[in-house]
Structures are given as C-alpha cells and as structure tokens.
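Reading the structure
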Number of protein chains: 2
Amino acid sequence: MAYRETPLVTQRKLAQKSALLHAAESLVREGGFGALTIQALASAAGVGVGTVYRYFSNKDELTTEVFRRATIREVDAVSAVLDINGTMSDRLAAAAEVFSQRAFAAPKLAWALIAEPVEPAVDIARLKYRKKYAALFEKVIAKGVDSGELVPQIPALSAAALVGAMAESLLGPLDHLECRELTTAALRDFCLRAVGVVVESKCP
Amino acid sequence: MAYRETPLVTQRKLAQKSALLHAAESLVREGGFGALTIQALASAAGVGVGTVYRYFSNKDELTTEVFRRATIREVDAVSAVLDINGTMSDRLAAAAEVFSQRAFAAPKLAWALIAEPVEPAVDIARLKYRKKYAALFEKVIAKGVDSGELVPQIPALSAAALVGAMAESLLGPLDHLECRELTTAALRDFCLRAVGVVVESKCP
DNA sequence: CAAACAAGTGAATCATGATTCACTTGTTTG
DNA sequence: CAAACAAGTGAATCATGATTCACTTGTTTG
C-alpha cells in the first residue's frame, strides 16, 4: 500500500543530480565559482531553486562536490603519469607537462580550481587537494633521493614547492594560449632543476 | 569667520587614521582578514562604526590599504636583499631566506597576506604584489642568465614559479616554528637549484 | 560667548544571495 | 481510480555585515 521508490524513480533522481552537477560545472567553466549561484544553477538546469535543495543540503555541499569532482580528474591524470615506467625525473617531467597541458586546455576551470577567490568551504577543499598533489610528488621525490637520482632534500618541502610553482607560474600565461608549448617546457625544466636533476650535462 | 581646519586638527585626523590602520593590522595579525570587520575595528579602536567611514570611504578601501602597507614592507625587505653585492645566486639565496624568516616571524600575518580566503578586492591586490615579487626576481634571474651564471630559461616564468614555490612551501610549516632553520635552508636550496645554480659541485 | 562647521555616534537600513515552506505536480500502490 | 507520498516550485524570509543618517559633541572664529 505504502509508496516505495521504484527503480525508475531512483534512476531519475540520479540523473537529475548528475544533470545538476554537470550544469554547475558548466557555470564554473564559464565564469568560475563566482558564477555558481543557486539561482543561476536552477535556471541553467531548468528547475526551480527549491529543487536544488532536494539534491544538495546547502550551497557548500554543492560547490565542494563540484570542486571535488573536477579536481579529482586532475589529480588522477597527474597521478597516472607519475606511475609510468622510467626514472623519477621522467615521471616528474611528465607530471609537470600534463598539469600544464590540462590547465591550458581549460583555462577558466584551471583558474577556478587553482586561484579564484572562493568561499572558505571550497578553499578548504583546495588545501586538501593541494596536499594530495604534494603527497604524490613527495613519494616520487623521496624515491629519487633514496636512489641517488635526485639531490638530497626534504621531499615534503620540495613537493609543496613544486605544487606552488606549477600553480603560480601558469596563472599569468593561462590567457596566452599561443605560448602553450614553450611555457609547458619551461615549467617542466624548472621543476626538474628544482628537484636536482641535471638537465644539461656539465661534465663532458 | 568661516571654520578652517587648524594644524592641530589635521594632525589629530592623521593620528586617528594611523591609529585605525594600526588597530586593523592588529586584528589581521591575530585573526586574518576574516577578523577585520568594521564593527570589530571600531570597538578595537574605541570609536563608533560611523567614525571608520570618516577615514575610509568603504570596507574595500580599508582592507586594501591594510594589505598594501603590510605587503610593501615585505616586498621592500626582499627587494633590499636582492640589491646586495654578490652573485645573482647569492642574492636569490638571501631573498628566499628573508622571505621565509619573515613569514616565520609573523605566521598569521604571512598566512593572511599569502593564502587566506579574502574578498575579491584584497585578492586583486594580492595578485598585484605577487607580480611585484615576480618582477624583482625576474630582473635578477635575467641578469644571471645573461652572465651565464644561471642556466638558460624564461626569466618571467621562473620568477613566477619561485613566488609560488615560496608561498606554497611555507603554508604547511608555518605552524611548526621549530623547523624554521631547516625549512628556510631547504627552501633556499630548492630555489637555487630551480634557477640552475649548481649547489654541490659535480666535477671534482 | 555664539555662530558655523566638522568629527563622532550607533541604531536603523540596505544589499546580496542562501534558504525555507506552503503549495502544486507527478508516481506508486491496491 | 483515489489515497499516500515524494518531487518540484518560487515568492517570501533570513543571515551577515556593510553602510547610512539624523543627531550629539567638539573646534574654530570673530
């Protein structure tokens, strides 16, 4: 007798939540998190504002989830490339390149994820995922130091510094899409030098 | 017959504005820009909220001015040390050390200036002063590249990356004041390697 | 001293977006 | 089909701090 959620309804609800998240990410891709208001999302998704609250208990939950999903894709891409075969410097080089290339491929999104002024909730998530990047780098750097491939250093500090270097150095160039290749290469070399890989042999 | 501002009054007004700015910076030193509300400032300075508006036309002007004054001190300190005699790497090393030491000396302020989530107006100022740091580094790096002391590179990119590396790598350690020396040295070495100075001779 | 004016005051108001809630519409069950 | 319930709605309300403004207090001038 009682009403029970049927599979069809469950699926529709999932689809609706997914549609909302997609619409929200589109808004962020176009105008950063500043463009992601409940009103804007509701009208972009073609629903009433109240409907948004059926799927997210509040704004922070929404923005945090949008940030999390987008950032996880980035972290995963960098993580994947850090696991390739080769020396530690090969891996770090590939990671820097991927980070840069992906940022150039979606500049506004990159800016939103990396540097846009946002509500504290998103900023906390940002900190968390920066640590995730740093943890990935730290592991590889530590291995490189152990094997003698990299100069002795504090892996945790170098890793954080790499994250900062990557993020900051792209902020300016992101709107100069022509310099993409040059910038990517320069950033990669900077990172390699920073962790103590000799780029050009000095002892012929 | 008409009322005209007497030197005494002019001086009092200057003193009042200065007192407000000092009180505002104290609030920021204790709790970041988040703690700097007009209400809090007014009661900290022992005046009514209306009085604050006699000296600053709006909140953005106030916060921006507090940020500007504090940051200029930092930029000047780094700038001064970049002008010392010595090789370009000596200068960059000194700059990294000064940046780090000053951050450790006032951790909450450093956090507020570098990374705290703030209203867009302050964030714009932040961007501006990050560029100022970068410009200082860029000059020194360019000189070093020209003289062959540093590896070939894009000075503007390396400079931005250095700024990012310094800022990011201190975010974590700032509450571990014990590691101050070690962290400072590690950051300095990271920066020197990054710009292509060979820290340890490889050709005996 | 008193007129003329500026500085100081803080309760009241405003601005911006998030959030609620009484109501409407759609689904499920027997 | 109709009862039972959830999803959808958007105008109204709320929350947070900035901002205003009618008023009070202090300074200057002749």
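Calculation rules
Residues numbered from 1 in each chain as written. Chains lettered and ligands numbered in written order. Predicted model: local features only at pLDDT ≥ 70, side-chain atom pairs only at ≥ 80, totals over all residues. Heavy atoms only, no water. Helix = DSSP H or I, 4+ residues; strand = E, 2+ residues; numbered from the N terminus. Buried < 20%, exposed > 50% of the residue type's maximum accessible area, 1.4 Å probe, protein only. Arc of directions from axis to C-beta. Contact = heavy atoms within 4.5 Å. Buried area = accessible area lost by both parts, 1.4 Å probe. Salt bridge = Lys/Arg side-chain N within 4 Å of Asp/Glu carboxyl O. Polar contact = N/O pair within 3.5 Å; in protein donor to acceptor, adjacent residues only side chain to side chain. Nonpolar A, V, L, I, M, F, W, Y, C, P; charged D, E, K, R; others polar. Axes fitted to C-alpha atoms, helices over the stretch in contact; angles between N-to-C directions. Parallel < 35°, antiparallel > 145°, perpendicular 65-115°, else oblique. Left-handed = near helix turned anticlockwise from the far one by under 90°. Domains from an automatic or database assignment.

Some remarks on the environment of Gly31 of chain A
- Mapping Gly31 of chain A onto the fold places it in helix 1 (residues 7-31).
- C-alpha separation for the pair Gly31 of chain A and Trp111 of chain A, spaced 80 residues apart in sequence, amounts to 9.9 Å.

Regarding helix 2 (residues 38-45) of chain B
Residue and element names in this part refer to chain B.
- Looking at helix 2, one finds that the buried residues are Ile38, Leu41 and Ala42. On an axial view of helix 2, the arc spanned by its buried residues comes to 100°, and they lie on one face. Those residues of helix 2 that are exposed and aimed more than 90 degrees away from the buried face are Gln39 and Ser43.
- Against the buried residues of helix 2 lie helix 1 (7-31), helix 3 (49-55) and helix 4 (59-82).
- At the C-terminal side of helix 2, Gly46 shows a positive phi close to 70°.

Regarding the interface of chain B and chain A
- Each side of the interface is counted separately: chain B has 32 residues, and chain A has 32 residues.
- In total, about 2,600 Å² of surface goes out of reach between chain B and chain A, with carbon and sulfur atoms giving 73% of it.
- Viewed at the interface, chain A and chain B are joined by 2 salt bridges.
- Residues Arg130 of chain A and Glu168 of chain B are paired through a salt bridge, measuring 2.4 Å at the closest nitrogen-oxygen approach.
- Where chain B touches chain A, the interface holds 6 residue pairs in polar contact (both at pLDDT 80 or more).
- Within the residue set of the side of chain B that touches chain A, elements represented by two or more residues are helix 7 (120-147), helix 8 (155-171) and helix 9 (180-194) of chain B.
- Residue composition of the side of chain B that touches chain A, by class: 20 nonpolar, 6 polar and 6 charged.

Quick notes on the packing of helix 7 of chain B against helix 8 of chain B
All names here are of chain B.
- Contact geometry for helix 7 and helix 8: axes closest at 8 Å, N-to-C directions at 125°. With respect to each other, helix 7 and helix 8 are oriented oblique. Helix 8 is crossed by helix 7, and the crossing has right-handed handedness. On the side of helix 7, the interface is formed by Arg130, Tyr133, Ala134, Phe137, Glu138, Ile141 and Ala142, while helix 8 contributes Pro155, Ala156, Ser158, Ala159, Ala160, Leu162, Val163, Met166 and Ala167.
- For the contact of helix 7 with helix 8, a count of residues per class yields 13 nonpolar, 1 polar and 2 charged.

A look at the domain arrangement of chain A
Residue and element names in this part refer to chain A.
- We note that the domain assignment places domain 1 (1-56) and domain 2 (65-194) within chain A.
- The C-alpha centroid of domain 2 is placed 31 Å from the C-alpha centroid of domain 1.
- On the domain 2 side, the residues contacting the 11 residues of domain 1 number 14 residues.
- When the two sides are added together, the surface that domain 1 and domain 2 hide from each other amounts to roughly 1,000 Å², 69% of it contributed by carbon and sulfur.
- Together, Leu21, Arg29 and Phe33 form the three largest contributors to the area buried by domain 1 at its contact with domain 2, with a combined 57%.
- For the side of domain 1 that touches domain 2, the per-class residue count stands at 5 nonpolar, 3 polar and 3 charged.

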